[in-house]
Amino acid sequence: MVPEELRELAAPVLPSFAARPQGGGTAPCDERAVFTAVAYALTSGCAWRHLPPTFGTSPATAHRQTAL
């Protein structure tokens, strides 16, 4: 859905997963799936809570990535 060139262009400003030194936390998710979900929500006007489950990421995770 999202061209690889666009993802590469946005990569420097996207947060990446960093393991916590004390352990625990959430497991890393597929960054491509999250970026695709964010791009879909922003371009379609879809509410975050209405993101289709086919993206493979939760609406909360996609929304959290836009706030960082």
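Since the model is a prediction, treat every value here as computed from it, not as a measurement. (Residues numbered from 1 in each chain as written. Predicted model: local features only at pLDDT ≥ 70, side-chain atom pairs only at ≥ 80, totals over all residues. Heavy atoms only, no water.)

**A word on the pattern of salt bridges**
Two side chains carrying opposite charge are able to pair once their charged atoms lie near each other.
In step 1: Per the counting criterion, the structure on display carries two salt bridges.
In step 2: Linking Glu-4 and Arg-7 is a salt bridge whose minimum nitrogen-to-oxygen distance equals 3.0 Å. Separated by three residues within a single helix, Glu-4 and Arg-7 lie in helix H1 (residues 4-10), roughly one turn from each other.
In step 3: Given a relative accessible area of 29%, Glu-4 falls into the partly exposed group.
In step 4: A salt bridge links Glu-4 to Arg-32; the nearest nitrogen and oxygen atoms lie 3.0 Å apart. Taken as a pair, Glu-4 in helix H1 and Arg-32 in helix H2 (residues 31-44) lie far apart in primary sequence, 28 residues in all.
In step 5: Counted as one network, the salt bridges with shared partners bring together Glu-4, Arg-7 and Arg-32. (Salt bridge = Lys/Arg side-chain N within 4 Å of Asp/Glu carboxyl O. Helix = DSSP H or I, 4+ residues; strand = E, 2+ residues; numbered from the N terminus. Buried < 20%, exposed > 50% of the residue type's maximum accessible area, 1.4 Å probe, protein only.)

**Quick notes on H2**
In step 1: When the terminal C-alpha atoms of H2 are compared, their 20 Å separation across 14 residues agrees well with the 20 Å that a helix rising 1.5 Å per residue should span.
In step 2: Those residues of H2 that fall on the buried side of the exposure criterion are Ala-33, Val-34, Phe-35, Thr-36, Ala-37, Val-38, Ala-39 and Ala-41.
In step 3: Backbone geometry just after H2 places Gly-45 at a positive phi near 80°. (Expected span 1.5 Å × (residues − 1).)

**Regarding the side chain of Thr-36**
In step 1: Considering the arrangement of structural elements, one finds Thr-36 in helix H2.
In step 2: Ignoring any residue separated from it by four or fewer positions in sequence, one finds Thr-36 in contact with Met-1, Val-2 and Phe-55. (Contact = heavy atoms within 4.5 Å.)

**What to know about the nonpolar core**
In step 1: Within the largest apolar cluster, eight residues are counted, these being Val-34, Ala-37, Val-38, Ala-41, Cys-46, Leu-51, Phe-55 and Ala-62.
In step 2: Top element by residues in this core is H2. It accounts for four residues.
In step 3: Beyond its immediate sequence surroundings of up to four residues, Phe-55 is in contact with Met-1, Ala-33, Thr-36, Ala-37 and Tyr-40. (Core = buried A, V, L, I, M, F, W, Y, C linked by side-chain atoms within 4.5 Å.)

**Brief notes about the packing of aromatic side chains**
In step 1: One pass over the full model with this rule turns up one aromatic pair.
In step 2: The interplanar angle of 45° and the centroid separation of 5.1 Å between the aromatic rings of Tyr-40 and Phe-55 together place this pair among those described as tilted. Separated by 15 residues along the polypeptide, Tyr-40 in helix H2 and Phe-55 in the loop between H2 and helix H3 (59-67) bring together distant segments of the chain. (Phe/Tyr/Trp six-rings, centres within 6.5 Å; stacked < 30°, edge-to-face > 60°.)

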